[in-house]
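Spelled out from the first residue to the last, the chains are:
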Amino acid sequence: HTIARVAGRKRALASRGAGVLLVEGGDLLQGRYMERQDGDGDKARHEALRIYRLAGYDFLTLGNHEFDAGPKVPEQMLRGLHGPGVVESNLSAQWTDAGAAKTSARVTRVTCGGLDVVLTGVLTPDTATISAIGPWPIAAPAPSVRAALAPYPDAVHVVLSHLGKDDDVHLARDVTAIDVIVGGHSHTVMRQAMRVG
């Protein structure tokens, strides 16, 4: 029912002529917790992605829980992903070389509601210690986001963040080119947007 409501809300906004992008701030797979009675974790993850696609998600970033069962889980996820695009600016270049380049990018550019919008994503560096990311290094968030957005100075800059609210505030202060951050990780309920700077 929740997915149907999300999809319906997106359709309603679009039907009024509004530009709509539905995005996600990470932890969509919950790693090792994706289970089925038959034990087929791969199928469970693909079914979860199918739900996101049916809801109409356009773009997402990765969270630490995508790596709970190791780096092969998100790699397989991207290889089988049809629908939402994944943006991630601060993972090693190995990420885009993992056979998933068609669905993952450091930055993507779209037109939405007549606006030129550039999106990038950022993963918490804590993933290296709280999950099983393997050998892929995670770069510092601010320089990675700054480099991803720099080629598009006139666009609306959107960051899908899996840093947590406090680190999102620091990121907004450090990278003043950011217009919007859609964040996850800290599970902070925000009833309205917070302005920084």
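Remember, predicted model here, so these are calculated numbers, not experimental data.

A. Focus on the packing of helix α1 (residues 2–15) against helix α2 (residues 41–55). Where α1 meets α2, the closest approach of the two axes is 8 Å, and the angle between their N-to-C directions is 35°. Taking contact as the criterion, the partners of I3, V6 and A7 in α1 are, on α2, I51, L54 and A55. Of the residues contributing to the contact of α1 with α2, the split by class is six nonpolar, no polar and no charged.

B. Main features of the layout of surface pockets. Quantified by volume, the largest pocket comes out at close to 670 Å³. Along its surface, the largest pocket is lined by 24 residues, and V180, I181, M194, R195 and V196 are the ones closest to its centre. Secondary structure elements with two or more residues in the lining of the largest pocket: α6 (165–174) and β8 (180–183). For the lining of the largest pocket, the leading source of residues is α6, giving five residues. A breakdown of the residues in the lining of the largest pocket according to their chemical character gives 11 nonpolar, eight polar and five charged. Lining the second largest pocket, in full, are G19, L21, V23, C112, G113, L115, V117, L119, V156, V158, V180 and V182. Elements with a minimum of two residues in the lining of the second largest pocket: β6 (115–123), β7 (156–162) and β8. Ranked by the residues each element gives to the lining of the second largest pocket, the list is headed by β6, at three residues. Here the residues of the lining of the second largest pocket are counted per class, giving 10 nonpolar, two polar and no charged.

C. The pattern of salt bridges, seen in detail. In the structure shown here, the tally under the stated rule is two salt bridges. Residue D58 is joined to K10 by a salt bridge in which the shortest nitrogen-to-oxygen separation is 3.0 Å. Placement of the pair is D58 in the loop between α2 and β2 (59–60) and K10 in helix α1, with a sequence separation of 48 residues. Of the charged contacts in the structure, one is a salt bridge between R109 and D116, with a shortest N-O distance of 2.7 Å. Exposure remark for D116: the relative accessible area of 27% places this residue in the partly exposed category.

D. Representation of unusual backbone geometry within the structure. Positive phi is not limited to glycine here, since H185 has a value of about 90°. Note that H185 resides in the segment after β8. You will see that H187, though not glycine, has its phi angle at about 60°, which is positive. Relative to the helices and strands, H187 is located in the segment after β8.

Cut-offs and rules
- Residues numbered from 1 in each chain as written.
- Predicted model: local features only at pLDDT ≥ 70, side-chain atom pairs only at ≥ 80, totals over all residues.
- Heavy atoms only, no water.
- Axes fitted to C-alpha atoms, helices over the stretch in contact; angles between N-to-C directions.
- Helix = DSSP H or I, 4+ residues; strand = E, 2+ residues; numbered from the N terminus.
- Contact = heavy atoms within 4.5 Å.
- Nonpolar A, V, L, I, M, F, W, Y, C, P; charged D, E, K, R; others polar.
- 1 Å grid on protein atoms, 1.4 Å probe; cavity = no way out; pocket = protein on both sides within 12 Å on 5 of 7 lines; lining within 4 Å.
- Points joined across faces, edges and corners; volume = space filled by probe spheres on them.
- Salt bridge = Lys/Arg side-chain N within 4 Å of Asp/Glu carboxyl O.
- Buried < 20%, exposed > 50% of the residue type's maximum accessible area, 1.4 Å probe, protein only.

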